[in-house]
Structures are given as C-alpha cells and as structure tokens.
Amino acid sequence: MNLTLKIWRQQNHADKGGFRTYSITGISEDMSFLEMLDVLNEELTEKGEDPVHFDHDCREGICGTCSLFINGRPHGPKQTTTCQLHMRSFSDGDTITIEPWRAKSFPVLKDLMVDRGAFDRIIQAGGYVSVNTGGVPDANEIPIPKVIADEAFDAATCIACGACVAACKNASAMLFVSAKISQLALLPQGQVERRERAEKMIAQMDAEGFGACSNTGACSAECPKGIKQSNIARMNREYYAASVVTENV
Amino acid sequence: MKLDAKIPSGPLAEKWTKHKFNVKLVNPANKRKYEIIVVGTGLAGASAAASLAELGYNVKAFCFQDSPRRAHSIAAQGGINAAKNYQNDGDSIFRLFYDTIKGGDYRSREANVYRLAEVSVDIIDQCVAQGVPFAREYGGLLANRSFGGAQVSRTFYARGQTGQQLLLGAYSALSRQVANGKVKLYPRTEMMDLVLVDGKARGIVTRNLITGAIESHSGHAVLLCTGGYGNVFFLSTNAMGSNVTAAWRAHKKGAFFSNPCYTQIHPTCIPVSGDHQSKLTLMSESLRNDGRVWVPKTIEMAEKLRKKQIKPQDIKDEDRDYYLETKYPSFGNLVPRDVASRNAKYVCDEGRGVNETGEAVYLDFRDAILRDGEDLVRSKYGNLFDMYQQITGENPYKTPMMIYPAVHYTMGGLWVDYNLMTTVPGLYALGEANFSDHGANRLGASALMQGLADGYFVIPYTVGDYLANLSNEKVPVDHPEFKKSENEVKERIQKLLSINGTKSVDYYHKKLGKIVWNYCGMARTADGLIKAKAMIKELKAEFWSNVKILGTGEELNQTLEKAHRVADFIELGELMMDDALNRNESCGGHFREEYQTPEGEALRDDENYAYVASWEYKGEGVEEVLHKEELVFENVKLTQRSYK
Amino acid sequence: MSWVTKTLDSTLGRKLLMALTGLFLILFLVVHLAGNLQLLAGDGGDAFNVYAEGMAVNPLIRAVSILNFSFIALHVIYAILLSRHNKKARPVAYAVTNPSANSTWASRNMGILGTVIFIFILVHLRGFWYRLKFGTPEKVMIDGVEYKNAYIIVEEAFKNPIYSGFYVLSMIFLAFHLYHGFASAFQTVGLRHKKYTPLIQKVGIGFAILVPALFALIPIVMYIQSL
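Residues numbered from 1 in each chain as written. Chains lettered and ligands numbered in written order. Predicted model: local features only at pLDDT ≥ 70, side-chain atom pairs only at ≥ 80, totals over all residues. Heavy atoms only, no water.

1. Structural notes on helix 16 (residues 526-546) of chain B
All names here are of chain B. Over its 21 residues, helix 16 runs 30 Å from end to end, which matches the ideal 30 Å to within 8%, given 1.5 Å per residue. Along helix 16, the residues that are buried comprise Ala 526, Gly 528, Leu 529, Ala 532, Lys 533, Ile 536, Leu 539, Lys 540, Phe 543 and Asn 546. On its buried face, helix 16 sits against helix 14 (480-499), helix 15 (505-520) and helix 17 (558-582). (Helix = DSSP H or I, 4+ residues; strand = E, 2+ residues; numbered from the N terminus. Expected span 1.5 Å × (residues − 1). Buried < 20%, exposed > 50% of the residue type's maximum accessible area, 1.4 Å probe, protein only. Contact = heavy atoms within 4.5 Å.)

Put into structure tokens, the structure is as follows:
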C-alpha cells in the first residue's frame, strides 16, 4: 500500500519543530507500524536526510518504550502498543499524522522521542516495598487470596509507556500512579508503607506538573495493558485516608 | 594464562556456604567509601545495584534505555524455576542442579550450577516480599507449573509476564536506593569502553545518548550486566537495542569471551513474514504443553498449503506427521528447546514447511480445544493467542498456529570465575552477559533465576572479597587512562561518521545476521564456518569503508548508536565462527552436522571437548587465542541426553 | 492545619472538593425540583407561594442556602483552578486528535457545560430570587395569610418564549453536565465497587435525563398555558 505520512520533526528540545510530509510506497500489511517507519528511515538515509527518531526497543509490546500519537490517538487505532500495531489496520492511500506524546512533564528530546523520566521519579518517591535483599520470610508465609493477587497483577502489568498521559485531555498521570499504588495497597506486603506511599507518590506526581483527572476514561480506553479506572478510585481513597490518618503534619 | 575458576574445595553442597564464610568482608563504615559501577539494569543489574546499595556501597547504574525498567528481562514470559518443592513432587536443590547440568548438555560448571539451584529458593522469597504478584492457588499459596520438559512443577510465574513482574520488583528496589541517594542512575547512557588502571578495572567511558557527550566514570569495581548477544543474528527475540558492545569492549581490554557459539534457538516463535521484518516474537514454551506440532507427511501437500490451495484444518490425521511425538514418544512435544528447534529445521529442509517462505510448522490446539473446551484453552493461553492474532491476523482457535525457531538466548559470554569475576581484576559479569550456568543449552525458566541469583545473592558477597583487598582511594577521571579511552572513543565516532558511504547500518546488520544464521545457526559444518568467517571478514572491511551515518556525534543520533553496536557484532560474529569450528562435537545449541548419532541426535565428545572455550583478544586483525578451562564432573555422570 | 490545605491543594484534593460540592448540588437539585414542581399543581400558585415563603423564612433552609451558594462558588472557583492547571500540563497541543474514540463528549467538556449552567444560574437568580428578595413583589392572600406572589413572577417570565427557550436549553446543558458529573463524583471520592458502580452509573444517567427534563417541563407547560 501507499501512504502519506505527516511526521513531527524537531531537532532537539530547544528547537521549535514542525511537520514534514513524506510519501511512502510498497508497504506490506504484515509490517508493524515501526517496521513501516524503518522502511521510511532507510529511504531517508539513502537520500541523505536525517532519519526520523522514535523510541522503541522490545517490539513485542512489553517494554513500554515505543510511543507515537497516531492519527489523534496514542499507539494508533488499536488498543495496543505501537510496535504491535500492524499496517493492516490502515488502508491504501491513507494519510497518517504522527506526533510525539504531548505533555509538559514529557519534554520532546528529538522528533518523536520524549523524556519520561517523571515516571521514574514518581516510582522513586515510594513505589516500592522497603525490604532489603535477604532476611525475608518464606514466600508461602504470606498467603494472598487469588482474587486479590489477580487484581494486584492486573494493576502491576502497567508498562509505563505514557499512553494514559498522552490520551488524557489534561495530560494527567493518574492511571500510571494509581496502578502502582493499587498493586501495593492490595497486597499484604504493601500495607506497612501504604499511607505514606500514597502521599509521597501523589506529591511527586503533582510536582512533575501532570494534570488532574476529569474521569473521562480516555486513559483506560487507550491503555495497551487495559489498566482499569477503578485503580484511580482506589488511589483517591488511599490518598484521602492517608491525609486524614497519618501523623505527618 | 591459566584459567582458575576458584571453585571452593569440599563437597558440592557445602561449597557456597563455606565460601561465604571464607570471603573477606568490608567493614560497614568503609563500604560507603567504595563506588561500584553497574552497567545494565535488567534482572542482574538492577538486583545487583539495589543489593549493593543496601549494603552501603555507592552505586552508579547505567542503561541505554530511557528507564531502567525497560531492560529486556521484561520480555521473559514463562517463569522462574526454584527448588522449593512446594508441590511435594520430589523436587530438591540437587534435582534442579542435575536437570540444569543435564539440560546444558554437560558443558557447565558443577559448582556454579549447584549454587544457582541453592539460592533459587531465596529468590522467590525475596520477590514475594517485594510485592511481585506471582500466580496463586485459591488457598492463597503460590502456584507452580511444569515447564520446559521438567518432570517436576517448580516454575513460579505471573501469567505470561513473569520477566516483567520480576524486573519491576528489582526496579522498585533500585528506585528505593535512588531515592536514598545510594544509587545514581544514568539512563540513556551507553558504555563505550572499559578503563583499566594498573591492570584493574577502574571505570568506564560512556556516551550520553541525548547530548552525545563522552564522559568518564571512575569506580572501584565494574559490573557488566548487559545481557546477551542474540542480535548478532539481526533477527532474534531480543530487543532492538540489545547489544554486545559493553561486553565486547571489555573483551578487547582483556576479558576472555567464552563459548560464543552456544546460542539458543527457541522453537516456538512466530515465523518470519518478509524482508521488512525487524524482530521475531516468541510464543511462550508453555504452549507446547497443549499444542501438537506437525507438518504434512508429503511435500506435495506442503506445497499446496504454501500456495493456500488447501487449509490445514482439512488435512486428515493420517496425512499429518506429528514428528516430535513419533520420534520422542516419552517427551513428545515437550522435548528441550534445542531438540524441538532442530527437528523443525529438518522437516522444513525436507520441503515440508507450511508457510509461504517454507519455514514454519504447525502448533495445533485442535485436540486441546476438543478435549478441554475453548474456554479452558483461553484461560491458559488467551494473551498469547491474542498476541499471535495481533501479529499474524489469523485466529489460532480456528486454524493452527504457525511457528518456527528463532534466536532467543546466548549461553556464551564473558568468562567468569566462581566469584563472577572476569579475567580482568575488578571486572564482573552477571546474568546472560556471563557464560557460566547454562552450558550448551539453557532450560526454560532458568534465565530469570540466574540473573537474579547473580545480582541478589552472589555478587553482594563476592565483590566484597575483592574490595576488601583494594584501597578505597579513587582514581580521578582526569587520569591519563581515562583520557586515553575518551580519545579512542571520540576517534572511533569520528571515523564512523567520516566514512560517509552508501549503505545503511541496517543493511550490514541484516547481511551479518543472514551469514551467522545460515552458517552458525541451528546446524553448523566445518566448511560452512570457514566460509562464513571469510564472508564476515569481507563484510567488516566493507562496513568500515562504505557505511553511511548521517548527523553528528554531538546530538541524539540513533544511527550512530546502532553503528557502534553493529561494528562490535561483526567482530563477535567472526569469533563465533572460530569457536564453532573449534568445537568438533555437537552439544546443546551447538550442532555440528559432522557429529551426530545415527538417529540424528547431538553427539558429544566428552573426552576432548568437556571444556570451556575461552578466547583472548590479541589485537586488531590477529587471531584470538584459545584457553581451555577443563570441566570436572564429580557429582553427575555424563550420559547421552535422551528424550526418547 | 497545614495538612488540610496541603491535601486540598493537591490535584486529588481539588478534585475531591469538586466532587463533594457537586454531590451536594445534585441533592439540592432534587429539593429544588420538588418545590418547583408545585408550579404545575394547577392551584393558581398557592402551593408554590406557600413553599417559597417557607424557604425564605425557615432559618435552617436559609443556612443551607448560604451553604449552597458557597458550594456553587467553590465548585466554580475550583473548576477554574483545575482547568488552568490542566491547561498548563499540555503547553503544546496535538495537531490531530480523535478523542471521541476514547471518551464521551460530555466528559471532556464539563467546563463549557458548567460555564453555560453558571450563566443560567445568574440569569435565574436575577429573574426570580433577586426580584423576590430585593424587589417589591405583589402580595397574595392564601387561607387568610399574606404571601409574596412568587407564582406571578414565574408565570410572567415564562410567557416570554425566548426566556422559556433559554431555560429549556440550559437544562439540556445541565443534563450533559450531570450525565458525566453524577458517576464521576462517586469515582472521585473513591466510591467504586464492582457490585455498586454499575448501579451508580445507571442511576446517574437516569438522573441526568429525568431531573433536567422535569425542570424543563415547567417553562414548557407554563408557556403553553399562557398561550
């Protein structure tokens, strides 16, 4: 198939950037979206033009590196990661607009690449159970009801790709933050630091400059891992309870 | 140089305990005076960085990804083994040890493997304490499954995303230490060189992938946790960024590289669909628990399938060849990876492959669906089936899956002793980056185990033994050795950029991949290896005279990043041929066609090749020198692996 | 009390205030509707006038009404604060968006809906509440007691088709605001449960249709009666 690509090009963070239009021919529908861009980059290199920079790594939908806002939606028309999006989701003659994630907290580095370090800093603020290596109880000493374990797992499958932030009209990171808070709030291992964790992670989220939640559900609808909005409700509960209960004045 | 593995004396089961007592300790107050550099933040790197920081060392952790959480350990699907014997089915540390040694076709070190089996139980405890959501039974206790042909259920798992959950556990421990100020993170930073001062590893030179800045980092020890080199094949299940560069630069600075020809070809991957393909996707091995592997009995029928004149579901049972079940009645579809892969190759070489390229076999769930119902099959494999459908556009509930082997893991790597130290003092290699525990073939669910064993439970002890004898004085980064390395790196970048040829980096990578796959893939011959080596030499010369890299070194430049990696892969490819040619036997993932039993099984030569082949770099254009570490087996009897 | 301001000033805290004030205003709508429906009692406005007077003199109702006004103000102020914050979170907009693929129009446009409703409230207060409270309304005798004739004011007002039309239109905006706001408020305060949330969502949709529809019915009926 033949396609027209409108791609955001930006030399570096300081550069203003703008769209460039490319046409590309002979694309197979078995190609992944990123392989289509590989083909474009090979052609650009041949012509002596700087290839389009985009983030990608595992190309099997689990590392969360790939991003891209494709025709107005994060990761394109399917609820999956861009690397798992295949060209059979498009038709011959389509024009595809490709933009980077847009959020104050995700500054553009180059072309379609953004810096998602804010997510790491939020986890560093408290997204863990404070246990050192060694000296822990036997794994089966902590029985966990299967339903709870499954629900914690569902929250834990977040890949931190940032599609939730990209999809949200407010560039809110609530789904990401709530997934981690939920996972650890559900599990017995997370109880000890439960309150403090919620307070610290949300303080960090706010400090990073993410927007607030309008409960539009766009985050969850676009999440490649289907993280549920119920996590946000749980996070809210955790936070309010933490504010009232903890003795941090 | 004589390779000394420093294996502690005494009975197998007591070696590690004894060794832990004998290693020197660093006084808690002194630990903060030492700086440890950890390159790579996968299971091995993140667990090591976190554990060392917890002990009080200062750690600098580097990764080329934008976040440590994205290291490729995240993609492991199936599970992690541990000799917990929670299922009361006869598992034990010794059985896990034995299975791993046998699975590795008797080419790994007994003491290392035993230690791995020993600490495996601690890993599960550690991960659960961190909040890793392993699968559970209704009673609330941990669930297990049998995996990769094991006769016991010892695999712990988190649906099909075990690697992800374990990595996020290690990442959370790492993040905690970042918050504590004990770990300094350097994401989007690639190691370009190892710096030796007075023969000891004392730091690294890195490139900041955003700004292009070349920087030096000094430390008292350097840990390479940089994963495997499967991308030498271009197409593999590795991530696009996975590379050998850190290990290779260390190799060129004196670290021996062992058994590079031991590569694992995983039998259940989605077949290649065309030239545009950039990577291969693994379908978990667990699918072989219920799926049946087959091809049509005749070439004619296969041709019709390839031309889509008939559908696989229309082929009658008597016309199907369930070749694994026929050939290996007792293990059937569950034979180890190397055996399953090789047999897929055989039937496709005979012309019985079933997709357009002729390189695919069926993995059929028809009988499982008839027996258990679609719902049960969906509950077990739903996410894998969805993934398959996503990629191929075909519904595996209705039509059999097509699979073909793909490069998945590399057993070879930097030589390390029992302490995980390479031949360079102060330089350690952990996880897939070292050669140590899997011999010639890795069993399923063992890679996660090894990465975490090395990082959580081995290196925290052994690195102290080295540091206790080392002054805590720091080498300043303006030391001439650092400056020298920085200049070499800069020159190399300049050299790459100045070639300004006509072919892209990917062009060379694909060419290299084809050579290595064709001649050093599932089956190898002496003639082929000699030929391939010449081809790679030629490719190397062409690469360095005709590669085209746009942009500069002082900016974000993904092509330049790739060029460095491909240049190193080319050199590694050459060494792989040497290694495969040297090993005149078949074992595990290394199958030399000249050495097989009459039934076509791998034929080992224990008398002459029960050694670790370790290669020493001798300089540009000079043949590498082989050093042998003889493998001594005191606790297992070497037998022909049989899965009949 | 620093922790209170700290909590309420966080994104979550601000949302909590929006949700709680919103939930209160939802309750208020029910009470207000119950009273207003007396306009349609067909008794020449007696019941309504008695009710209106009762609302004006009962000290408890007066206290609640002050609370109500301050909650409207809080709801508006925090909406502005949050909108400004949210706007800053995405300084560069996308060139192409396809939001209908992942969310409802109402959920994305609560600010616009709210603004219209706020204008409506001002007009509404000016037209009725202000005239009743600070103007010189006619008096009417019901069962020997003198009341302000609120009914006449309403009757007069809804004779005007533009005025009535504006009311009906505003109620459509209110309906969309409630369509998202009702369930959203529960989500924000953290009340989400596999068993009850589907019910809350259904009740929310029912509420969003029924309550504005009944409110809108009043000007429609009164306008028709005036013809």
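2. So, the domain arrangement of chain A
All names here are of chain A. On domain assignment, one finds that chain A holds domain 1 (3-110) and domain 2 (117-245). One C-alpha centre belongs to domain 1, the other to domain 2, and the line joining them spans 29 Å. Residue-level contacts link 19 residues of domain 1 with 21 residues of domain 2. Summing both partners gives a buried area of about 1400 Å² for domain 1 against domain 2, and 56% of it is carried by carbon and sulfur. Area buried by domain 1 at its contact with domain 2 is led by Gln 79, Ser 105 and Phe 106, which between them contribute 36% of it. The tally of links from domain 1 across to domain 2 stands at one salt bridge. A salt bridge links Glu 222 to Arg 73; the nearest nitrogen and oxygen atoms lie 2.8 Å apart. Taken together, domain 1 and domain 2 are joined by seven residue pairs in polar contact (both at pLDDT 80 or more). Its residues assigned to classes, the side of domain 1 that touches domain 2 comprises eight nonpolar, eight polar and three charged. (Domains from an automatic or database assignment. Buried area = accessible area lost by both parts, 1.4 Å probe. Salt bridge = Lys/Arg side-chain N within 4 Å of Asp/Glu carboxyl O. Polar contact = N/O pair within 3.5 Å; in protein donor to acceptor, adjacent residues only side chain to side chain. Nonpolar A, V, L, I, M, F, W, Y, C, P; charged D, E, K, R; others polar.)

3. Brief notes about the pairing of strand 2 (residues 58-62) of chain B
Residues and elements named next belong to chain B. Among the five residues of strand 2, five are classified as buried, and the element is accordingly described as predominantly covered. Along strand 2, one buried face is formed by Asn 58, Lys 60 and Phe 62 and the opposite face, lined by Val 59 and Ala 61, is buried too. Here strand 1 (residues 35-39) runs beside strand 2; their pairing, made up of five bridges, is parallel. By the bridge assignment, Ile 36 is partnered in strand 2 with Val 59. Between the parallel pair strand 1 and strand 2, the chain is carried across by helix 3 (residues 43-55), and the sense of this crossover is right-handed. (Pairing = 2+ DSSP bridges. Right-handed = clockwise from strand over helix to strand, strands pointing away.)

4. Examining the pairing of strand 11 (residues 263-269) of chain B
All names here are of chain B. The element strand 11 is largely enclosed, with a buried count of seven among its seven residues. Sheet topology note: the strand 11/strand 15 (residues 401-410) ladder contains five bridges and is antiparallel. Bridge assignment links Gln 264 to a residue of strand 15, and that residue is Tyr 409.

5. Here we look at the sheet that holds strand 16 (residues 413-414) of chain B
All names here are of chain B. One open sheet holds the four strands; their spatial order is 16-10-18-19, and the pairing between them is antiparallel. If you trace the sheet from one side to the other, it starts and ends with strand 16 and strand 19 (625-630), each paired once. Relative to strand 18 (residues 611-616), strand 10 (residues 257-258) is paired through two bridges, and the arrangement is antiparallel. Residue pairing in the sheet places Phe 257 in a bridge with Trp 615 of strand 18. Sitting on the sheet, helix 17 is in contact with strand 10, strand 18 and strand 19, with an inclination near 145° to strand 18. (Axes fitted to C-alpha atoms, helices over the stretch in contact; angles between N-to-C directions.)

6. Comments concerning the interface of chain B and chain A
Contact with chain B, which involves 75 residues of that partner, is made by 75 residues of chain A. Both faces considered, chain B and chain A share a buried interface measuring about 6100 Å² in area, 51% of it formed by carbon and sulfur atoms. At the junction of chain B with chain A, the criterion picks out six salt bridges. Where Lys84(B) meets Asp138(A), a salt bridge forms, and the shortest distance between an N and an O atom there is 3.0 Å. The interface formed by chain B and chain A contains 47 residue pairs in polar contact (both at pLDDT 80 or more). Secondary structure elements with two or more residues in the side of chain B that touches chain A: helix 3, helix 5 (110-130), helix 6 (162-179), helix 12 (374-392), helix 13 (447-467) and helix 17 of chain B. By residue number, the principal contributor to the side of chain B that touches chain A is helix 6 of chain B, which donates nine residues.

7. Brief notes about the interface of chain C and chain A
Contact residues are listed per partner, giving 37 residues for chain C and 49 residues for chain A. Approximately 3400 Å² of surface area, both sides summed, lies buried where chain C meets chain A, with 54% of it carried by carbon and sulfur atoms. Inspection of the chain C/chain A interface yields zero salt bridges. The interface formed by chain C and chain A includes 26 residue pairs in polar contact (both at pLDDT 80 or more). Those elements that place two or more of their residues in the side of chain C that touches chain A are helix 1 (2-9), helix 2 (11-36), helix 4 (59-89), helix 5 (105-108) and helix 8 (161-188) of chain C. Its residues assigned to classes, the side of chain C that touches chain A comprises 13 nonpolar, 17 polar and seven charged.

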